[in-house]
Amino acid sequence: GCTRDWDGLSCWPRAAFGEMVKIPCFLQRNCTQEAHWSEPFPPYAVACGFDEGSSKGPEDQKSYYSAFWRVYTAGYAASVTSLITALIVFAAFRKFHCTRNYIHMHLFVSFILRAIAVFTKDAVLFADETMDHCLMSTVACKAAVAFFQFSILANFFWLLIEGIYLQTLLLLTFVSDKQYVWWFIFAGWGAPTAVMFTWVLTRIHQQNTGCWDDDENGVVLWIIKGPILLTVLINFIIFINVIRILVHKLKSQDGGGSHSSHFVRLAKSTLLLIPLFGVHYIVFAFFPESTGLEARLYIELGLGSFQGFVVALLYCFSNAEVQSELKKQLCKWQYQEYLSFTHKHGTMSRENSPVNYVTQLSLLEKISPKRKISAYQNGVTSV
């Protein structure tokens, strides 16, 4: 049969004599009796939607992917910068040390890990353009892909924790939320770790091919897809239930005062993130990887790269408490600088004052040896 083949854009799996292989964009190649691959049909320019007048369809696609890489790299860089800044703000001020912000911080870390995973995956898998991706099957590339999948799992599980915490606040108003924080941390990191451990073992024993970024039978990937869809489904149920509880509380006015406004602020952020980060996954989860490839790129990489920035904006930078505390700290720093300046300026003024010179001369007069001898002589004379 025909061996795996990398044509510069796509990896064609092994095929038997006379077998026809299909890949994304509905491209086809035949394995001929001479054990050679036929040319892709239809051409890349036609199958993948390029300009038919262009004679360099694959080159155009490479250029398109290169431009797209720059966009999502900038998006992830902006997300990492904003998330690290938000982490520093929550860690630096003791006022923000509470269960709610601890959960936010773990969500921030999961998005930072996702950005790092994307950069690592690109560096390991696509740094060398001459590399044959069909034959590449190193420990490094498998670890990079596994780390990437773990970061995605952590994103969705910590978003689920955000939803569960919000509902816990609304339902258990008089119960301290501190007793749940370690359970939240255990679930947020433990569940993705358990899923990844299962997926890695399955890949090793049943589908240890390539860099684990392919899924020939489409079953193994459901070890990751299944839990993610479950978190999205639970979050959607929470989404409906929280809206129902909030409407009931606002109508009955049982929430009361600052607590009610606090719940509403937290609910606005979480309820916005649940559909924002979950709907697109449901749309694409039940379709083959080749379906809607361009839309997947725009949503999962293009828009997805800025998700971390949106999270930092909603939970930190647009938070009225954070803005107020930062303004107070800024005023405090300015006041301290003013006091330091006035103290330093006042000290210099006193040192240069004529009164200060007179005082110094008087002090020198008192400790002068001549004055001491004169005083002694006067004492003897008087005796």
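So, a few notes on the structure that sits alongside this text. This one's a predicted model, so the numbers in the text were calculated from it and none came from an experiment. (Residues numbered from 1 in each chain as written. Predicted model: local features only at pLDDT ≥ 70, side-chain atom pairs only at ≥ 80, totals over all residues. Heavy atoms only, no water.)

## Details of the overall build of the protein chain
Heads up, the rule is: By the criteria applied, helices consist of DSSP H or I runs no shorter than four residues and strands consist of E runs no shorter than two, each listed in order from the N terminus. When a residue's accessible area, from a 1.4 Å probe over protein chains only, is under 20% of the maximum for its type it is buried; when over 50% it is exposed; and in between it is partly exposed. Throughout, a residue-residue contact means that at least one pair of heavy atoms, one from each residue, lies within 4.5 Å. Every accessible area reported is derived by Shrake-Rupley at a probe size of 1.4 Å, with residue values counting cover from the shown protein chains alone.
Helix and strand counts for the protein chain stand at 12 helices and 4 strands. Split into buried and exposed, the 383 residues of the protein chain put 38% on the buried side. Here the contacts in the protein chain between residues at least 6 apart in sequence split such that 66% fall between residues at least 24 apart. Of the roughly 22,600 Å² of accessible surface on the protein chain, a fraction of 65% belongs to carbon and sulfur atoms.

## Remarks on the environment of Gly 308
Its place among the elements puts Gly 308 in helix α9 (residues 307-317). Residue class for Gly 308 comes out buried when judged on its relative accessible area of 3%. As a C-alpha pair, Gly 308 and Ala 115 span 193 residues in sequence and 8.6 Å in three-dimensional space. If we ignore the near neighbours within four places in the chain, the residues touching Gly 308 are Ser 79, Ser 82, Leu 83 and Phe 111.

## Some thoughts on the packing of aromatic side chains
In plain terms, the rule: Two rings from Phe, Tyr or Trp (for Trp, the six-membered ring) form a pair when their centres are within 6.5 Å of each other. A pair whose planes differ by under 30 degrees is stacked, one over 60 is edge-to-face, and the rest are tilted.
One pass over the full model with this rule turns up 10 aromatic pairs. On the basis of an interplanar angle of 5 degrees and a centroid distance of 5.9 Å, the ring pair of Phe 90 and Phe 108 is categorised as stacked. Within this pair, whereas Phe 90 is found in helix α2 (residues 57-92), its partner Phe 108 is found in helix α3 (residues 99-125), the two being separated by 18 residues in sequence. Exposure class is identical for Phe 90 and Phe 108. Each is buried. Judged by centre distance (5.7 Å) and plane angle (85 degrees), the rings of Trp 199 and Trp 212 are edge-to-face. With Trp 199 in helix α5 (residues 181-206) and Trp 212 in the loop between α5 and α6 (222-252), this pair connects stretches of sequence that are 13 residues apart. Across this residue pair, the class does not change: Trp 199 and Trp 212 are buried. Joined through ring pairs, the aromatic side chains of Phe 90, Phe 93, Phe 96 and Phe 108 make up one cluster.

## Focus: the environment of Ile 228
The topology assignment puts Ile 228 in helix α6. For Ile 228, a relative accessible area of 1% translates into the label buried. For the pair Ile 228 and Leu 153, spaced 75 residues apart in sequence, the C-alpha to C-alpha distance is 6.6 Å.

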